[in-house]
Amino acid sequence: MAELKEVDPELVLSLKEKLVAPETDITERYRVLFSLRNVKGDVAREALVESLNNPSALFRHDVCFCLGQRQEPEAIAILAAILKDSNEHPMVRHEAGEALGAIGTPECLPPLMQYADDPVLEVAETCQLALQKMQYLEEHPDANNEESPYYSVDPTPALPASTPVSELKDILLNEEQRMFDRYSALFALRNKGGKEAVNVLTEVFKARSALIKHEVAYVLGQMMDKHGTENLLKVLRDPKEHAMVRHEAAESLGAFANTATEEVLKEFTQDADPIVAHSCVVALDVLEHEKKGIPYFAGVTNEQVMVQ
Ligand SMILES: [Fe+2]
Ligand SMILES: [Fe+2]
């Protein structure tokens, strides 16, 4: 279970109000979301669930992400309903599936099985991946205790970081391999770190699956290695790339931007796709906080961040 913090109930209620109020602007709404993600209790979770009425698909997908990271079975029904809703944006359905995989109790199985062959590839692949992970954990009950060095609940465990890069590369880039194995190689490369690992990871951007590309864009942000910058910029600049991948690239760039990349993020706040444009707005806000030494994602429960 993710570590959630006790916070003054009055503060939680005021955050809830801000989270659901239509007039709250996107950067503040995101700060509140990532604050509430780490807050213990029903009120925080209910606030997240209520905020799923928001018109922004980008925001709704991040709410699903947060519900998954909280790992509370109480969120299963709403996540399953989102996964089932074929009118919902594929990126939101994907994140709902991933969240069900992160919660991973037996009740998550039926919806994941039902959509493992969904006509939307990234939704189907997400469900397959979650099912493969759950099966793996059933066969290896101790694997769940292995903490990610990045404190994230990863969609799969990592292969040992001692596995040779060439072996990890073969698994990662092989489109015939199960997504579970490709992801396990992906996280091993992330945990290994360094230029060689980054170079192998960025080769994934030539792959067909938006799912694996979005995960690479995400881990490049976790790694904060400048060797990934050029590839992330290329992804963000490509209007033909899936919004889910461009979104992760923008947010990762926000995590370790320099003056040049900051300019690109500013430019793409005007992108035609609101998912990309809003991702850049949020990324710039993350960057502002990191510059001031306020860790945006690492448990933003201090008032300094919340009330800005
Ligand atoms: Fe995702
Ligand atoms: Fe995302």
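Everything quoted here is computed from the prediction, not taken from an experiment.

**Q** Which parts of the structure should I look at to understand the overall build of the protein?
**A** Within the protein, the secondary structure is distributed over 17 helices and zero strands. Dimensions along the principal axes, computed over C-alpha positions, put the protein at roughly 50 × 45 × 35 Å. Relative to its full complement of 308 residues, the protein shows a buried share of 58%. Here the contacts in the protein between residues at least 6 apart in sequence split such that 67% fall between residues at least 24 apart. When the accessible surface of the protein is split by element, carbon and sulfur atoms take 51% of a total near 13,700 Å². The centroid of the 30 positive side-chain charges in the protein is displaced by 4 Å from the centroid of its 52 negative side-chain charges.

**Q** What is the right way to look at the coordination of the iron ion (ligand 1) in this model?
**A** Six octahedral donors around a metal ideally sit at 90 or 180 degrees from one another, while four tetrahedral donors ideally sit at 109.5 degrees. Looking at the iron ion (ligand 1), the protein donor atoms are His-94 (NE2), Glu-95 (OE) and His-214 (NE2), and they sit 2.2 to 2.5 Å from it. The sequence pattern formed by the donor residues of the iron ion (ligand 1) is H-E-x118-H. Taken as an interatomic distance, the gap from the iron ion (ligand 1) to the iron ion (ligand 2) is 4.8 Å. Here His-214 lies in helix α12 (residues 210-223) and His-94 lies in helix α6 (residues 90-103), a separation of 120 residues in the sequence. Like His-94, the residue His-214 is buried in the burial classification.

**Q** How should the nonpolar core be read in this particular structure?
**A** In this structure, Leu-36, Leu-79, Leu-112, Leu-172, Leu-201 and Leu-236 are the most contacted members of the largest nonpolar core, which totals 95 residues. Counting the residues that make up this core, at least three belong to each of domain 1 (1-145) and domain 2 (152-308).

**Q** For this particular structure, what's the right way to read the UniProt feature "binding site: Fe cation 1" (unreviewed entry) in the protein?
**A** This chain's UniProt record puts "binding site: Fe cation 1" (unreviewed entry) on His-61, His-94 and Glu-95. Across 35 residues of sequence, these annotated residues stay compact in space, with a maximum C-alpha separation of 8.2 Å. Counting through the fold element by element, His-61 comes out in helix α4 (residues 57-70). Judged by its relative accessible area of 1%, His-61 falls in the buried class. In this view, His-61 contacts Met-91, Val-92, Glu-95, His-247 and Glu-248; residues no more than four positions away in its chain are not counted. If sequence neighbours within four positions are ignored, His-94 has contacts with Glu-122, Val-123, Thr-126, Leu-211, His-214 and Met-244.

**Q** Where do I start with the UniProt feature "binding site: Fe cation 2" (unreviewed entry) in the protein in this structure?
**A** Here, the residues flagged by UniProt with the feature "binding site: Fe cation 2" (unreviewed entry) are His-214, Glu-215, His-247 and Glu-248. Along the chain, His-247 turns up in helix α14 (residues 243-255). Setting aside anything within four residues of it in sequence, one finds His-247 in contact with Leu-58, His-61, Asp-62, Met-91, Ile-275 and Ser-279. Of note is the side chain of His-247, whose polar atom sits 3.1 Å from the side chain of His-61.

**Q** How should the domain arrangement of the protein be read in this particular structure?
**A** Accessible area lost during the coming together of the parts is what is often quoted as the interface size. The domains assigned to the protein are domain 1 (1-145) and domain 2 (152-308). Between the C-alpha centres of domain 1 and domain 2 there is a distance of 19 Å. With 36 residues of domain 1 at the interface, the matching set in domain 2 holds 39 residues. Taken together, the two surfaces of domain 1 and domain 2 that pack against each other cover about 3,200 Å², and 66% of this comes from carbon and sulfur. Three residues, Arg-31, Leu-58 and Leu-129, lead the burial of domain 1 against domain 2; their summed loss comes to 19% of the area buried on that side. In this assembly, domain 1 and domain 2 are joined by one salt bridge. For the interface between domain 1 and domain 2, the tally reads seven residue pairs in polar contact (both at pLDDT 80 or more). Broken down by secondary-structure element, the contributors of at least two residues to the side of domain 1 that touches domain 2 are α1 (9-20), α2 (26-36), α4, α6 and α8 (121-139). No other element matches the eight residues that α8 contributes to the side of domain 1 that touches domain 2. Among the residues forming the side of domain 1 that touches domain 2, the class breakdown is 15 nonpolar, eleven polar and ten charged.

**Q** Help me understand the coordination of the iron ion (ligand 2) in this model?
**A** Protein-derived ligands of the iron ion (ligand 2) are His-61 (NE2), His-247 (NE2) and Glu-248 (OE), with the metal-ligand distances lying across 2.1 to 2.3 Å. In primary sequence terms, the donor set of the iron ion (ligand 2) follows H-x185-H-E. Note on Glu-248: relative accessible area 8%, which makes it buried.

**Q** Teacher, can you tell me more about the packing of aromatic side chains here?
**A** Applying the stated criterion to the full structure yields four aromatic pairs. Directly above the ring of Phe-59 sits Arg-29, whose terminal nitrogen or CZ lies 5.8 Å from the centroid.

**Q** Can you help me understand unusual backbone geometry in this one?
**A** Excluding glycine, a negative phi dihedral is what most residues carry, and trans is how most peptide bonds are arranged. One non-glycine residue, Gln-71, lies in the positive phi region at around 55°. Although it is not a glycine, Met-224 adopts a positive phi angle of roughly 50°. Mapped onto the fold, Met-224 is located in the loop between α12 and α13 (229-237).

**Q** Looking at this model, I keep getting lost on the pattern of salt bridges. Mind explaining?
**A** When the charged atoms of two side chains lie near each other, side chains of opposite charge can form a pair. With the rule as written, the count across this model stands at 18 salt bridges. Of the charged contacts in the structure, one is a salt bridge between Glu-28 and Lys-18, with a shortest N-O distance of 3.5 Å. Of this pair, Glu-28 sits in helix α2 while Lys-18 sits in helix α1, placing them ten residues apart in sequence. Given a relative accessible area of 28%, Lys-18 falls into the partly exposed group. Between Glu-72 and Arg-45 there is a salt bridge; the shortest N-O distance is 3.3 Å. With a gap of 27 residues between them, Glu-72 in the loop between α4 and α5 (76-84) and Arg-45 in helix α3 (residues 42-50) connect regions that are remote in the sequence. What makes Glu-72 buried here is its relative accessible area of 8%. Classification of Arg-45 as buried rests on a relative accessible area of 7%.

Procedures and definitions
Residues numbered from 1 in each chain as written. Chains lettered and ligands numbered in written order. Predicted model: local features only at pLDDT ≥ 70, side-chain atom pairs only at ≥ 80, totals over all residues. Heavy atoms only, no water. Helix = DSSP H or I, 4+ residues; strand = E, 2+ residues; numbered from the N terminus. Buried < 20%, exposed > 50% of the residue type's maximum accessible area, 1.4 Å probe, protein only. Contact = heavy atoms within 4.5 Å. Areas by Shrake-Rupley, 256 points an atom, 1.4 Å probe, with all protein chains shown as cover. Lys, Arg positive; Asp, Glu negative; His and termini not counted. Charge placed at Lys NZ, Arg CZ, Asp CG, Glu CD. Donors = N, O, S within 2.8 Å, 3.2 Å for Na, K, Ca; no water. Core = buried A, V, L, I, M, F, W, Y, C linked by side-chain atoms within 4.5 Å. Domains from an automatic or database assignment. UniProt positions renumbered as here; feature names shortened; annotations may be inferred. Polar contact = N/O pair within 3.5 Å; in protein donor to acceptor, adjacent residues only side chain to side chain. Buried area = accessible area lost by both parts, 1.4 Å probe. Salt bridge = Lys/Arg side-chain N within 4 Å of Asp/Glu carboxyl O. Nonpolar A, V, L, I, M, F, W, Y, C, P; charged D, E, K, R; others polar. Phe/Tyr/Trp six-rings, centres within 6.5 Å; stacked < 30°, edge-to-face > 60°. Lys NZ or Arg CZ within 6 Å of the ring centre and 35° of its normal.

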